[in-house]
Amino acid sequence: MARRAAVLAVSVALLASSVLTACSTQAPASGTDGPGRGDSDGKITLGFAQVGAESGWRTANTKSVQESAQKAGITLKFSDAQQKQENQIKAIRTFIQQKVDVIAFSPVVESGWDTVLREAKDAGIPVVLTDRAVDTKDSSLYKTFLGSDFVKEGRSAGEWLTAEYAKENGPVNIVELQGTTGSAPANDRKAGFAEVIKGDDKFKIVASQSGDFTRAKGKEVMQAFLKSHKDIDVLYAHNDDMALGAIQAIEAAGKKPGEDIKVISIDGIKDAFVAMNEGKINVVVECNPLLGDQLMDLVKKVAAGETVPTRVEVEEGVFTQDQAADALPSRKY
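What counts and what doesn't
Residues numbered from 1 in each chain as written. Predicted model: local features only at pLDDT ≥ 70, side-chain atom pairs only at ≥ 80, totals over all residues. Heavy atoms only, no water. Helix = DSSP H or I, 4+ residues; strand = E, 2+ residues; numbered from the N terminus. Buried < 20%, exposed > 50% of the residue type's maximum accessible area, 1.4 Å probe, protein only. Polar contact = N/O pair within 3.5 Å; in protein donor to acceptor, adjacent residues only side chain to side chain. Contact = heavy atoms within 4.5 Å. Salt bridge = Lys/Arg side-chain N within 4 Å of Asp/Glu carboxyl O. Core = buried A, V, L, I, M, F, W, Y, C linked by side-chain atoms within 4.5 Å. Expected span 1.5 Å × (residues − 1). Arc of directions from axis to C-beta. Phe/Tyr/Trp six-rings, centres within 6.5 Å; stacked < 30°, edge-to-face > 60°.

S.K.: Give me the overall build of the protein: which residues, what numbers.
M.R.: When you go through the protein residue by residue, the secondary structure sums to 11 helices and 12 strands. The 333 residues of the protein split such that 48% are buried.

S.K.: Report on the side chain of E286, specifying residues and quantitative values.
M.R.: With respect to the secondary-structure elements, E286 resides in strand β10 (residues 283–286). E286 gets classed as buried once you look at its relative accessible area, which sits at 12%. A distance of 3.1 Å separates a polar atom in the side chain of E286 from a polar atom in the side chain of R331. Those residues in contact with E286, other than ones at most four positions away along the chain, are E153, D267, E315, E316, G317, F319, R331 and Y333.

S.K.: Account for the pattern of salt bridges, naming residues and giving values.
M.R.: Inspection of every chain in the model, using the stated rule, returns 21 salt bridges. Across the salt bridge formed by E251 and K280, the nearest N and O atoms sit 3.0 Å from each other. In this pair, E251 is assigned in helix α8 (residues 240–252) and K280 in the loop between α9 (270–277) and β10, connecting sequence segments 29 residues apart. A residue is classified by how much of its surface remains accessible, and E251, at 35% relative accessible area, is partly exposed. For K280, a relative accessible area of 25% translates into the label partly exposed. One salt-bridge network, in which partners are shared between bridges, spans E54, R58, D131 and R132.

S.K.: Please set out the nonpolar core residue by residue, giving values where relevant.
M.R.: Nonpolar side chains in soluble globular proteins tend to end up buried together. One finds L161, I174, M222, I264 and I281 to be the most contacted residues of the largest nonpolar core, which totals 52 residues. Residues contacting I281, with those up to four places away along its chain left out, are L244, I247, V263, A272, A275, M276 and Q321.

S.K.: For unusual backbone geometry, give the residues involved together with the corresponding values.
M.R.: With omega at 5 degrees, the peptide bond leading from G170 into P171 counts as cis. Residue position: P171 is located in the loop between α5 (150–164) and β6 (172–178). Even without being glycine, D131 reaches a positive phi, approximately 70 degrees. Structurally, D131 can be placed in the loop between β4 (127–130) and β5 (144–147). Assessed through its relative accessible area of 4%, D131 is described here as buried. Positioned with a positive phi, D212 is a non-glycine residue whose angle comes to about 60 degrees. Owing to a relative accessible area of 29%, D212 belongs among the partly exposed residues under this scheme.

S.K.: Explain helix α6 (residues 184–197) residue by residue, including any values.
M.R.: Relative to the 20 Å expected for 14 residues at 1.5 Å per residue, α6 spans 20 Å between its end C-alpha atoms, a close match to the ideal helical length. Those residues of α6 that sit buried are A184, P185, A186, R189, G192, F193 and I197. Next to the buried residues of α6 lie α5, β6, β7 (203–210), β8 (234–237) and β9 (262–267).

S.K.: Tell me about helix α3 (residues 85–97), and please be specific about residues and values.
M.R.: Given 3.6 residues to a turn, an α-helix orients residues that are three or four positions apart in the same direction. Relative to the 18 Å expected for 13 residues at 1.5 Å per residue, α3 spans 19 Å between its end C-alpha atoms, a close match to the ideal helical length. All buried positions along α3 are accounted for by Q88, I89, A91, I92, F95 and I96. End-on view of α3: buried residues confined to an arc of 160 degrees, all on one side of the axis. With respect to the buried face of α3, the exposed residues turned more than 90 degrees away are E86, K90 and Q97. Considering only its buried residues, α3 is in contact with β1 (45–50), β2 (75–80), β3 (102–105) and α4 (114–122). Of the residues trailing α3, K99 is marked for its positive phi of about 60 degrees.

S.K.: Could you give me a rundown of the packing of aromatic side chains, with the residues and numbers involved?
M.R.: Counted by the stated rule, this structure contains 5 aromatic pairs. With 5.9 Å between their ring centres and 20 degrees between their planes, F48 and F78 make a pair best called stacked. Taken together, the residues span a long stretch of sequence, with F48 in strand β1 and F78 in strand β2 at a distance of 30 residues. Judged by its relative accessible area of 0%, F48 is buried. Of the residues examined, F78 reaches a relative accessible area of 32% and is grouped as partly exposed. Between F193 and Y236, the aromatic rings sit 4.0 Å apart at their centres with planes inclined by 20 degrees, giving stacked as the arrangement. Placement of F193 in helix α6 and of Y236 in strand β8 is noted, with a sequence separation of 43 residues between them. The two residues F193 and Y236 agree in class, both being buried.

Below is the structure:
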């Protein structure tokens, strides 16, 4: 009887030990995991959903993210949405299924993100917005925004224009090449520019249409503008690639870009500085795509549960023709 009791006591002890061991090694509940959920080697895994490759700016942005992730020791899962919102939403849901540590993306358009962002939040995966913001009433759906102030960029473009024509009576006829319809940079760059010029009646936007941020579409739309409007004084392009496409159309029409038609552009890619140095673009408002290092710093902080600012801006400048030659050699994109 004593022997049987001893065996029973040992069995109970072993069972208790097994239960305690199982509890101590159980995976944390969703949302409490530490870095490395999506990668077996314990490294932070970042799911990044890029807009596409519509411009030289975007290509530089992608390269910056990829190189910075490697340098920071962060595992990167990358998706190219080819400028389609449905592709980005699909990519984000895939990242959620893969249990990445952080999701970052540059939204194609501003609206329509609440559902998928709520799915990420429910899964305990923090989201960082890069370059472009989203239109949502629930700011808890993302941790921070990293990028530019697009309204400020539009204002800078308008301020150059008003200074350039300060001593002229007008009218000054402007055509506008907008970015992708519904996107944050298109909406904000338009709004900032309009805000500055609205106080002077001599400035008239005679045509405004989307060129989808691409060189080919910029050329196509500018060709239509030139056929419909004989007295165009200024082209305001929401990015350099559209401006460069438009310059081809202006030259094909027998006019001199930068002289017959003043050209204002935004981004600051190297090709734009070459064109500005040649006198074909009058001013470029910089929008810095090299966000990779700042993004990886934020990714590490949000993965660790640290508090970060809700908005982080990058430093940018405004460049005119007399600065182009000196600035050109240092352009990295």
